[in-house]
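Next come the chains, spelled out residue by residue.
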Amino acid sequence: DKYTSEIKAFTAAKAEELEAFRIKYLGTKGIIKDLFDQFKTVGPEEKRTFGKVLNQFKQLAEEKYNEFKESLDSGVKSHDSSQDLTLPGDGFEVGSRHPLSLVRNEIIDIFKRLGFVVAEGPEIEDDWHNFSALNFPEEHPARDMQDTFFVRKGEGNDDIALRTHTSSVQVRMMESGKPPFRAIMPGRVYRNEAISARAHCFFHQVEGLYVDENVSFSDLKQTLYHFVQELYGEGTKVRFRPSYFPFTEPSAEMDISCTICKGSGCNMCKYSGWVEILGCGMVDPNVLENCGIDSKKYTGFAFGMGIERITNLKYVIRDLRLFSENDVRFLKQFQTEI
Ligand code: PHE
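The shown structure was predicted, so the numbers you read here are calculated from the model rather than taken from an experiment. (Residues numbered from 1 in each chain as written. Predicted model: local features only at pLDDT ≥ 70, side-chain atom pairs only at ≥ 80, totals over all residues. Heavy atoms only, no water.)

As summarised here, the arrangement of the seven strands in space is β1-β5-β6-β10-β9-β8-β7, forming an open sheet in which the pairing is mixed. The open sheet has two edge strands, β1 (117-118) and β7 (238-245), and neither has a second partner. Sheet contacts for helix α5 (residues 99-113): β1, β5 (181-190), β6 (202-212) and β10 (299-306); angle to β5, the most-contacted strand, approximately 165°. (Pairing = 2+ DSSP bridges. Helix = DSSP H or I, 4+ residues; strand = E, 2+ residues; numbered from the N terminus. Contact = heavy atoms within 4.5 Å. Axes fitted to C-alpha atoms, helices over the stretch in contact; angles between N-to-C directions.)

This part is about the site of the ligand. Around the ligand there are 13 residues in total, and H165, S167, R191, Q205 and E207 lie nearest to it. One nitrogen or oxygen atom from the side chain of H165 is found 3.1 Å from a nitrogen atom belonging to the ligand. For the ligand, an oxygen atom lies 3.0 Å from a polar atom in the side chain of R191. A total of 330 Å² of accessible area belongs to the ligand in isolation, and the protein chains cover 89% of it. Those elements that provide at least two residues to the shell around the ligand are β6, β9 (274-283) and β10. No other element matches the three residues that β10 contributes to the shell around the ligand. The class makeup of the residues in the shell around the ligand is five nonpolar, six polar and two charged. (Near = heavy atom within 4 Å. Polar contact = N/O pair within 3.5 Å; in protein donor to acceptor, adjacent residues only side chain to side chain. Areas by Shrake-Rupley, 256 points an atom, 1.4 Å probe, with all protein chains shown as cover. Nonpolar A, V, L, I, M, F, W, Y, C, P; charged D, E, K, R; others polar.)

A few words now on helix α8 (residues 217-232). The end-to-end C-alpha separation of α8 is 22 Å, in line with the 22 Å expected for 16 residues at 1.5 Å each. Among the residues making up α8, those that are buried are L220, T223, L224, F227, V228, Q229, L231 and Y232. Next to the buried residues of α8 lie α5, β7, β8 (248-257), β9, β10 and α10 (307-315). Directly beyond the C-terminal end of α8, a positive phi value near 105° is found at G233. (Expected span 1.5 Å × (residues − 1). Buried < 20%, exposed > 50% of the residue type's maximum accessible area, 1.4 Å probe, protein only.)

Another aspect to go through is the state of the cysteines. Evaluated as defined, the whole model comprises zero disulfides. In this structure C258 is a free cysteine whose sulfur lies 3.6 Å from that of C261, the closest cysteine sulfur available. Here C266 stays unpaired: no disulfide links it, and the sulfur of C261, its closest cysteine neighbor, is 3.7 Å away. (Disulfide = S-S within 2.5 Å.)

Here the focus is the nonpolar core. In terms of nonpolar packing, the biggest core is built from 43 residues, with F111 and M305 touching the most fellow members. Among the secondary structure elements, those contributing two or more residues to this core are α5, β6, α8, β8, β9, β10, α10 and α12 (328-331). If you tally residues by element for this core, the top one is α5, at seven residues. Leave out the neighbours within four places in its chain, and M305 touches I107, F111, H204, Q205, V206, F227, I277, L278 and I310. With 22 residues, the next largest nonpolar core counts A119, L209, V211 and Y298 among its residues. (Core = buried A, V, L, I, M, F, W, Y, C linked by side-chain atoms within 4.5 Å.)

Following this line, the structure appears as C-alpha cells:
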C-alpha cells in the first residue's frame, strides 16, 4: 500500500527522475523483483491473493513509467536541435464577421434594449403567410411572377414561394399567440430581380411589430427616431413621407439625413441630403382580424428595413454584390469589429 500511493503520486519532470523510478521499482534489483521473490515463499493458499495484488502493482508501475516516458519523449522532440526556433512562425488567418451580421446584431441590440424579442420563421412560405393574410389583393403586382420565386404554383391560394419579406413571420407570430406583441424579425428574403449594383435576388431584412392596446402612430415615430439616433448617432434627422403598403394604414417611408455627407449633398443621397431607410405604418385592421386579433381592442405598428441598405449607409458601400461575393479583400476590412 505504501508503494502504491507512492507510485500514484509520482511525477517526473526530468528523464533522470524517471530513470530513478524505473530502477527503484522495475529494475532487476527493484522492489517488484523483490516482491516476486517473496511470492515464491508464501503458502499455496496465500498465493492467489498475493499474486493478484502483485500483478496489479506491477501493472500500475509500468503504466506510470510509460505515461511519463511518452510525455518526456514528446517534450524532447520540440527541443530537438534539428529545428530552428528562430524561424518566423506561420501566420494564420483570423476570420471576421460579415458586415451584414455586424449591422444585424447592432439593430437587434438596439431593439432588445427597447424590449423587443427576436422572432424567426421559414424562408419557404405559403401564399397565406406571405401575401393573403397581409391583405394583398389577388391581382397585386407584388404577387406577380416578376418579383416572387415560386417553389410550387398551385391553384388559387396554395402557392408555395420563397418569402419576399419577413412580414410573414409577423403573421405567424400573431396567429400563434395573444397580444401584446413586441418583436423584430431578422432574416433573408428573396425577390426575382436582375442582379446589379443596386438589386439582388436575395437580401436581408429586419422587420418589427408592436401590437397592444392604444398603440399609436406617435409610438411608431418615437421608436424609429430613437433607433436612428442609436444606430447613426445623435442628431441624425428623420422625416416621414406618406406611402402605401397593403398591410399598413396609414403607411409611411422614413428618410434620414444622409449619414455620409451629413446632408450637404453627395451621390449616396443623390445630392438631396436625405436617404430612405425603411417602410412602416399602422397595422391594417384587416391584417389583425386575419390573424385572429380583435382590431377594436388592439392597434399596432410595423416597420421593415433592408439590412444591406442600412449597412451601405454605415460603411459607404456602393455595390450590393460585394456582400455575397465573399472576396476576402472586402471582408477583411471588418476584421477589427468582431
Ligand atoms: N414588408 C415591407 C417590405 O418588404 C416592409 C414593411 C414592413 C413596410 C412593415 C411597412 C410595414 O418592403
